[in-house]
Amino acid sequence: MSTNLRDRFPDDFIWGSATASYQIEGAAKEGGRGPSIWDTFSHTPGKTLNGDTGDVACDHYHRLNEDLGHIADLGLDAYRFSIAWPRVQPSGIGPLNQEGVDFYERLVDGLLERGVQPVATLYHWDLPQELEDAGGWPARDTAYRFAEYAEHMARVLGDRVHTWTTLNEPWCSAYLGYASGVHAPGRTEPASALAAVHHLNLAHGLAGRAIRAELPGARLSVTLNLHVVRPVDPGSESDVEAVRRIDAIANRAFLGPQLDAAYPQDLLDDTAHVTDWSFVHDGDTDMACVPLDILGVNYYSTKQVRLWDGSGDPSANDGHGNAAGSPWVAADDIEFVRPPGPYTAMGWDIDPSGMTELLLRLHREYPELPLMITENGAAFDDVVSDDGAVHDARRVDYVRDHIAAVADARDAGADMRGYFLWSLMDNFEWSYGYDRRFGIIRVNYETGERMWKDSAYWYRDLIAGRAT
Ligand code: PNW
């Protein structure tokens, strides 16, 4: 086998990196931007580490040209960014705010001038606050508002943006936002979380169809954070049953409607004591199942479960911290057991084999569907050395091993189209604020200065075919 990792991929494989609006832009009150649920949440005492907010973040809004320079210097084929809904449509309804649109036009034009393909995500969690006040994702109307916003954006950017992603990780939006409450809007209502799951699925379908109608040639995708769930004891029937149940609420709750036009019956049965699913109207799952050109997959780590024996806190090791509620709706009797490690600074286990396993599962279940890794990367406790550099060898190892895992999935038949490293730069890591650094470019939050870590040089060289 060739030692050059790049040689395990075809020439048209897309090498990219990803960010999200609220995590990098800052300028929260500029250019006519309206408030989002993350402004409200991060400004609520006790919700984020150190009370950090995205008010300034990486100040990407003002440093756009500099950041475009880094993107070009890395030699990225594509850049995955998200559009802040409240920047372009401040209250989530009505006409577009031209100043907000201008910013994304400058970004997209700047990418194209540098030969970098823009990959736009319409929703990476910054819901306009007014829509949350009207009920948020548990309210059906939010799905229709989202489709209108998608149609607007397709109209203004569709001549230059050809790859569109409706939602990023609806699992997080629904379960972390409305069940565990560790993400905005911070509600802890299991039944509302399941209604949010459904309205996100519906929103995806409505928006996807709006984009298709507006832009017949566009490439349509959605990004899911699918969970690799393993039994503590593969020989135990009850552990295997726990896997089935977590797989249903975490994975098949999205794959079912979006790819098979139906909710799995076991999911409906398992959650029947939480909700009767009456928010699913006739025709909804057909609507949610819009044909996709590509499925975006975010992968970071694995999970291990078994049936709870009644001692301790069953969700203590689920990787979601000490939340007020559990994100695992209708699964109070399932225990999360920490995988063996090693771990990143998030406490997430490092296991590239989980990525290959996930991609091959998707390939087996949806053989015709092209796949793309839309996020993969790691937070580590970076140290600035005496020489002024960040020698983040563990991040290089993490990324190299996971890219090799993508190559393994390709070799076994999966139709892999691209890899987007999370993240281009350190940024606002949601409830962990600025404490956890995922970037290949370091951000000095005092000065705003950017500095390439070793991993950035390594990734540049990999893309250019020079790294091993
Ligand atoms: C993803 N979890 O978030 C997001 O798409 C990014 O915005 C984020 O920065 C990145 O992964 C790293 O965290 C997640 O608790 C947040 O399982 C939380 C979880 C998963 C993904």
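All of these numbers come straight from a predicted model, not from anything done at the bench. (Residues numbered from 1 in each chain as written. Predicted model: local features only at pLDDT ≥ 70, side-chain atom pairs only at ≥ 80, totals over all residues. Heavy atoms only, no water.)

1. Quick word on the environment of glycine 94
What counts, and what does not: The helix count covers DSSP runs of H or I at least four residues long, the strand count covers runs of E at least two residues long, and both are numbered beginning at the N terminus. Two residues qualify as a contact provided that any one of their heavy atoms is within 4.5 Å of a heavy atom in the partner residue.
Inspection of the secondary structure assignment puts glycine 94 in the loop between helix 4 (85-88) and helix 5 (98-113). In this view, glycine 94 contacts Gln89 and His152; residues no more than four positions away in its chain are not counted.

2. What to know about empty space enclosed by the protein
As a reminder of what qualifies: A cavity here means a set of 1 Å grid points, computed over protein atoms only, where a 1.4 Å probe fits but cannot escape. A pocket is an open set with protein on both sides within 12 Å along at least 5 of 7 lines, and lining residues have an atom within 4 Å of a point. Grid points are joined across faces, edges and corners, and a volume is the space filled by probe spheres set on the points. All amino acids are sorted into three groups, where Ala, Val, Leu, Ile, Met, Phe, Trp, Tyr, Cys and Pro are nonpolar, Asp, Glu, Lys and Arg are charged, and the leftover types, Gly among them, are polar.
As enumerated under the stated definition, the model contains 3 cavities of 30 Å³ or more in all. The computed volume of the largest cavity comes to approximately 60 Å³. Lining of the largest cavity is provided by Ile37, Trp38, Tyr123, Trp125, Trp137, Cys172, Ser173, Gly177, Tyr178, His183, Ala184 and Pro185. Those elements giving two or more residues to the lining of the largest cavity turn out to be helix 2 (37-42) and helix 8 (170-178). Looking at the lining of the largest cavity element by element, the count peaks at 4 residues for helix 8. Classifying every residue of the lining of the largest cavity by side-chain character gives 9 nonpolar, 3 polar and no charged.

3. Description of the sheet that holds strand 2 (residues 78-82)
The strands that make up a sheet pair up through hydrogen bonds in the backbone, lying either parallel or antiparallel. For clarity, the cut-off: A pair of strands is treated as paired once DSSP finds two or more bridges between them. In this description, a line fitted to the C-alpha atoms serves as the axis of each element, helices being fitted only across the stretch in contact, and the angle between N-to-C directions of two axes falls anywhere from 0 to 180 degrees.
Reading around the circumference, 1-2-3-4-5-7-10-11 is the order of the 8 strands in this closed barrel, with parallel pairing throughout. Here the average twist between neighbouring strands, direction ignored, is 25°. Judged from the 5 bridges that link them, strand 2 and strand 3 (residues 117-123) form a sheet pairing that is parallel. Opposite phenylalanine 81, over in strand 3, you have alanine 120 as the bridge partner.

4. Some details on the UniProt feature "binding site: substrate" (unreviewed entry) in the chain
Note the threshold: UniProt positions are given in the numbering used here, feature names are shortened, and annotations may be inferred rather than shown by experiment. Any residue under 20% of the maximum accessible area for its type is buried, any over 50% is exposed, and the rest in between are partly exposed; the area is computed with a 1.4 Å probe on protein chains only. Any pair of N or O atoms that falls within 3.5 Å is considered a polar contact. Within protein, one atom must be able to donate a hydrogen and the other to accept it, and sequence-neighbouring residues count only if both atoms are side-chain atoms.
Here the UniProt feature "binding site: substrate" (unreviewed entry) sits at Gln23, His124, Asn168, Tyr300, Trp422, Glu429 and Trp430. Examined against the element boundaries, glutamine 23 turns out to sit in helix 1 (residues 21-24). With near-sequence residues (within four places) excluded, glutamine 23 lies in contact with Ala57, Cys58, His124, Trp422, Asn427, Phe428, Glu429 and Trp430. Owing to a relative accessible area of 12%, tyrosine 300 belongs among the buried residues under this scheme. Beyond its immediate sequence surroundings of up to four residues, tyrosine 300 is in contact with Glu169, Trp348, Asp349, Glu375, Asn376, Gly377, Tyr398, His402, Trp422 and Phe438. Engagement of the side chain of tyrosine 300 in a polar contact is seen with the side chain of glutamate 375, the distance being 2.6 Å.

5. With respect to the side chain of serine 36
By secondary structure assignment, the location of serine 36 is in the loop between helix 1 and helix 2. Exposure remark for serine 36: the relative accessible area of 0% places this residue in the buried category. Apart from the residues lying within four places of it in its own chain, the contact partners of serine 36 are Pro86, Asp126, Leu127, Pro128 and Gln129.

6. Quick word on the pairing of strand 4 (residues 163-168)
Extensive coverage of strand 4 is indicated by the burial of 6 of its 6 residues. As paired strands, strand 3 and strand 4 are joined by 4 bridges and run parallel to one another. Considered in strand 4, the bridge of threonine 121 is made with threonine 165. Judged from the 4 bridges that link them, strand 4 and strand 5 (residues 219-224) form a sheet pairing that is parallel. Bridge pairing links asparagine 168 to threonine 223 in strand 5.

7. So, the nonpolar core
Rules: Here, the term nonpolar core denotes a set of buried Ala, Val, Leu, Ile, Met, Phe, Trp, Tyr and Cys residues that are joined through side-chain atoms within 4.5 Å.
With 155 residues, the main nonpolar core has Ile83, Trp164 and Tyr459 as its most contacted residues. In terms of residues, this core owes the most to one element, helix 9 (residues 190-214), which gives 11 residues.

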